[in-house]
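# Commentary on secondary and tertiary structure
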Amino acid sequence: MPSDMVSLKTDVGSLRLERPGMVASGIMDETGPSMVRMIENGAGAVVTKSVGLQPNSGHANPCFMEVTGGYVNAMGLPNPGIDLFAEEMEVAVPAGPIVGSVYGSTPDDFSVLAARMEDYGASAVELNLSCPHAKGYGMEVGTDPAMVSAIVSAVKSAVSIPVWAKLTPNTHILPQIGRAVQDAGGDAVVAINTLKAMVISPEFARPVLSNRFGGLSGAAVKPVGVRAVYDLASVLDIPLIGVGGISDWRDAAEYIMAGASAFQVGSAIGTVGIDVFQGINEGLATFMEDYGYGSISSMVGVAHE
Ligand SMILES: Cc1cc2nc3c(=O)[nH]c(=O)nc-3n(C[C@H](O)[C@H](O)[C@H](O)COP(=O)(O)O)c2cc1C
């Protein structure tokens, strides 16, 4: 067992987390009780399912499939809408830090949603500027630096909690988009959302998912995510949060050494189980003790040196 000399506490700007791993948006975070369960099982925070202004039933089945090294999904952002989500937040917020993820298509949509999340007790708001399979939302607004800047500035004026922007790897101008977030006053950047992907059935001679396109997640995307965080860390001063393919302490350590102050886990909650965070926390603490890292902050970005 690691000694008390090692601390897993980390600060994402002004937000202190007791443990560095958070539940990524979209997995085990649509209901209050599931969010509480994840905090009880070692997550340092939970990012909610992305919530919009209106209820949304998402895309028709099939919308999720397993592929080598991960999953391709096109859920289409199913959620109950911001009004009904109040009930889930009421249950979840007393358990630990809850980050409200929101999606919209205009700066005004995002501002209204973020202000509601703040009213519900969210510790921070995460702007989904990156979903690859929702028309008019997500990646479609998050690959234009001017739009990203307008959204982040509008939300900054609407709330006093930290504002995080979750970015897509499906662009060749990721550093410029990161800079747009920082220049508009964003408090942190989260990278990455899923990679735009497709699976075709040879028998049916057509794409398998009803939406045709989806997003790839899981182990296969980790090197892309680590590279994205490394690139962002080279140009930004605000904190980074790494996500994509993390299932054990080694994966988490890679993201931290690339420059992330904290990380998120999505797909591995399904593959490893809800105790995935306990395994990561223990493994990370043992590694830190063995290699002389007393704190998460002493590991952040060391791969750049
Ligand atoms: C089923 C599923 C639903 C998701 N829903 C959302 C979502 O609502 N909002 C969002 O920002 N990201 C969403 N994501 C993306 C994840 O939060 C994460 O960025 C991505 O899956 C990469 O991490 P992972 O490899 O650990 O899953 C979803 C991913 C999956 C697999």
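Here is what the cut-offs are and how they apply
Residues numbered from 1 in each chain as written. Predicted model: local features only at pLDDT ≥ 70, side-chain atom pairs only at ≥ 80, totals over all residues. Helix = DSSP H or I, 4+ residues; strand = E, 2+ residues; numbered from the N terminus. Buried ≥ 20, exposed ≤ 12 C-beta atoms within 10 Å, placed from the backbone. Pairing = 2+ DSSP bridges. Axes fitted to C-alpha atoms, helices over the stretch in contact; angles between N-to-C directions. Contact = placed C-beta atoms within 7 Å. Near = placed C-beta within 6 Å. Expected span 1.5 Å × (residues − 1). Arc of directions from axis to C-beta.

## Topic: the environment of Gly 13
Its place among the elements puts Gly 13 in the loop between β1 (10-12) and β2 (15-17). Here Gly 13 falls in the partly exposed class, since 15 other C-beta atoms lie within 10 Å of it. Between the C-alpha atom of Gly 13 and that of Ile 238, which follows or precedes it by 225 residues, the distance is 7.6 Å.

## Some details on the sheet that holds strand β15 (residues 240-243)
In a beta sheet, neighbouring strands pair by backbone hydrogen bonds and run either parallel or antiparallel. Here we have eight strands rolled up into a closed barrel, ordered β3-β4-β7-β8-β9-β10-β15-β16, and parallel in their pairing. Within the sheet, the average angular offset between the axes of one strand and its neighbour, ignoring direction, is 25 degrees. Lying on the sheet, helix α6 (residues 174-183) is in contact with β9 (163-167) and β10 (188-191); it crosses β9 at an angle near 165 degrees.

## Here's the deal with the site of the ligand
Neighbouring the ligand are 27 residues; Ala 24, Gly 26, Ser 217, Gly 266 and Ser 267 lie closest to it. Taken together, the elements giving at least two residues each to the shell around the ligand come down to β6 (70-73) and α9 (267-271).

## Here's the deal with the sheet that holds strand β11 (residues 195-198)
One open sheet holds the four strands; their spatial order is β5-β6-β14-β11, and the pairing between them is antiparallel. Edge positions in the open sheet fall to β5 (64-67) and β11, since each of these has one partner strand only. Taken pair by pair, the neighbouring strands of this sheet meet at an average axis angle of 40 degrees, ignoring direction. Two strands pair when backbone bridges link them, and β5 and β6 are joined in this way by four bridges, in the antiparallel orientation. Looking at the pairing, Phe 64 lines up with Asn 73 of β6.

## Things to note about helix α5 (residues 145-158)
Over its 14 residues, α5 runs 20 Å from end to end, which matches the ideal 20 Å to within 8%, given 1.5 Å per residue. Of the residues making up α5, those classed as buried are Val 148, Ser 149, Ile 151, Val 152 and Val 155. The arc that holds the buried residues of α5, viewed along the axis, is 165 degrees, so those residues lie on one side. Opposite its buried face, α5 presents the exposed residues Ala 146 and Ser 157, each directed more than 90 degrees away.

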